[in-house]
Amino acid sequence: MIVAVDTHIAGAGFESIKNIKIPLYKGRDANRVLYISGVALQLAKSHNSVTEEIASAIAQHIFTTSGGTLLTRIVTPGWVHIEVTHHLLADWLQSVAFGASKSYFHFQGLKLGFHNKSDSRQTENSSRLFTIQYAHARCYSLILLAHREGMITGEEKLPASGESVHLGSLVKIEDLPWLNSDRKLHLHQPSEIHLIMELIKAVDELDCVEEPEQVNWEKIAWDVSQAFLNFWSQCRIWGEVKTNSPELAQARLGLVMATQCVLRVLLTEKLGFDAPVEL
């Protein structure tokens, strides 16, 4: 975003704005990954320019430099809407599942200032903590089971106990089958989408928030754990799914790996607790 904005400003003969903050907001659409920026409104006021022209130039730059993996459109009076395509979402899920938990816009080289309202109160709710740790341990055990049954390959012997590690870093699947023949995500059930959205929210906070001490990390981890447990109760990996829809089973397993990675980071780095492999 900052690159797109600065390119437009430089072309228009204005001073570079690389040191200013450009807010970006997460859209509320539950079925797609959408970000919204009012930077064109801000620039039109400060540079005495036409809002629509600024918004169009920024949107076109983002679309072009992303290779079409970020879809853009202008919404009156000058909001820039940026939608993540299934192709980019699959690349992101792959990266998170294998330990490179970065936001979309860091992958695209776009430096953003995310503005998410977070409850800064930190509590030590033992019931919530147990649930978060349980969800992590469940993810861990499912990945180990998949390794034992040959659904994934990895180190000769993956760790079954002791200190938690990110198991995605130990397996040997270069690319999980996230997309179907129509280049759409296999993962389209409501509980799958909800879990993906919670992972996005968590990684955005982990990677982009400017004041991490103001984030309620317990709530972030709790929301991810609840979304995972709901996903696991409704979306199976083994049985008929494994037999009849192996690509869907592997995509769901990848989602489990991504969840384990995010929960491990939240537990150990943000909450200061163990990420147990069994409970």
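Data block above holds the structure.
Remember, it's a predicted structure, so these values are computed and weren't measured experimentally.

Enquirer: Can you lay out the overall build of the protein chain for me, pointing to particular residues and giving the numbers?
Expert: The secondary structure content of the protein chain amounts to 10 helices and 5 strands. Residues classed as buried in the protein chain amount to 49% of the 279 residues present. In the protein chain, once contacts between residues fewer than 6 apart in sequence are set aside, the share between residues at least 24 apart is 67%. Of the accessible surface of the protein chain, which amounts to about 13700 Å², a share of 48% is contributed by carbon and sulfur atoms.

Enquirer: Just give me the short version of a nonpolar patch on the surface, but keep the residues and values in it.
Expert: There is a patch of nonpolar side chains on the surface, built from Phe-130, Tyr-134 and Leu-279 and spanning about 330 Å² of accessible area. Examined against the element boundaries, Tyr-134 turns out to sit in helix H6 (residues 126–148). Given the relative accessible area of 37%, Tyr-134 is considered partly exposed.

Enquirer: How would you summarise the packing of aromatic side chains if you had to cite specific residues and measurements?
Expert: Tallied over the entire structure, the rule returns 2 aromatic pairs. Taking the centre distance of 6.2 Å and the plane angle of 45° together, the rings of Phe-228 and Phe-231 count as tilted. Pair noted here: Phe-228 and Phe-231 are both in helix H8 (residues 217–234), with a separation of 3 residues, about one helical turn. Overall, the relative accessible area of 0% leaves Phe-231 in the buried class. Plain terms: the ring middles of Trp-232 and Trp-238 are 6.4 Å apart, the flat faces sit at 85° to each other, and that makes the pair edge-to-face. Directly above the ring of Tyr-35 sits Lys-26, whose terminal nitrogen or CZ lies 5.8 Å from the centroid. Between the NZ or CZ atom of Arg-236 and the centre of the ring of Trp-232, over which it lies, the distance is 5.2 Å.

Enquirer: Could you give me a rundown of the layout of surface pockets, with the residues and numbers involved?
Expert: Considering only enclosed or pocket space, the second largest pocket measures out at about 270 Å³ in volume. Surrounding the second largest pocket, 17 residues form its lining, Asn-31, Arg-32, His-86, Leu-89 and Leu-185 being those nearest its centre. Mapped by element, the contributors of at least two residues to the lining of the second largest pocket are strand S4 (79–84), helix H4 (86–97) and helix H7 (190–208). Residue composition of the lining of the second largest pocket, grouped by class: 8 nonpolar, 5 polar and 4 charged.

Enquirer: Got a sec to walk through the pattern of salt bridges? Specific residues and values, please.
Expert: Under the definition given, this model contains 7 salt bridges. Its salt-bridge partner being Lys-219, residue Asp-223 comes within 2.9 Å of it at the nearest N-O pair. Taken together, the residues span about one helical turn, with Asp-223 and Lys-219 both in helix H8 at a distance of 4 residues. Residue Asp-223 is classed as buried on the basis of its relative accessible area, which comes to 15%. Under the relative-accessibility criterion, Lys-219 is labelled partly exposed at 37%. Each of Glu-198, Lys-201, Lys-219 and Asp-223 takes part in salt bridges that share partners, so that together they form one network.

Cut-off values and rules
Residues numbered from 1 in each chain as written. Predicted model: local features only at pLDDT ≥ 70, side-chain atom pairs only at ≥ 80, totals over all residues. Heavy atoms only, no water. Helix = DSSP H or I, 4+ residues; strand = E, 2+ residues; numbered from the N terminus. Buried < 20%, exposed > 50% of the residue type's maximum accessible area, 1.4 Å probe, protein only. Contact = heavy atoms within 4.5 Å. Areas by Shrake-Rupley, 256 points an atom, 1.4 Å probe, with all protein chains shown as cover. Patch = residues over 30% accessible without salt bridge, like charges linked within 9 Å, V, L, I, M, F, W, Y side chains within 5 Å. Salt bridge = Lys/Arg side-chain N within 4 Å of Asp/Glu carboxyl O. Phe/Tyr/Trp six-rings, centres within 6.5 Å; stacked < 30°, edge-to-face > 60°. Lys NZ or Arg CZ within 6 Å of the ring centre and 35° of its normal. 1 Å grid on protein atoms, 1.4 Å probe; cavity = no way out; pocket = protein on both sides within 12 Å on 5 of 7 lines; lining within 4 Å. Points joined across faces, edges and corners; volume = space filled by probe spheres on them. Nonpolar A, V, L, I, M, F, W, Y, C, P; charged D, E, K, R; others polar.

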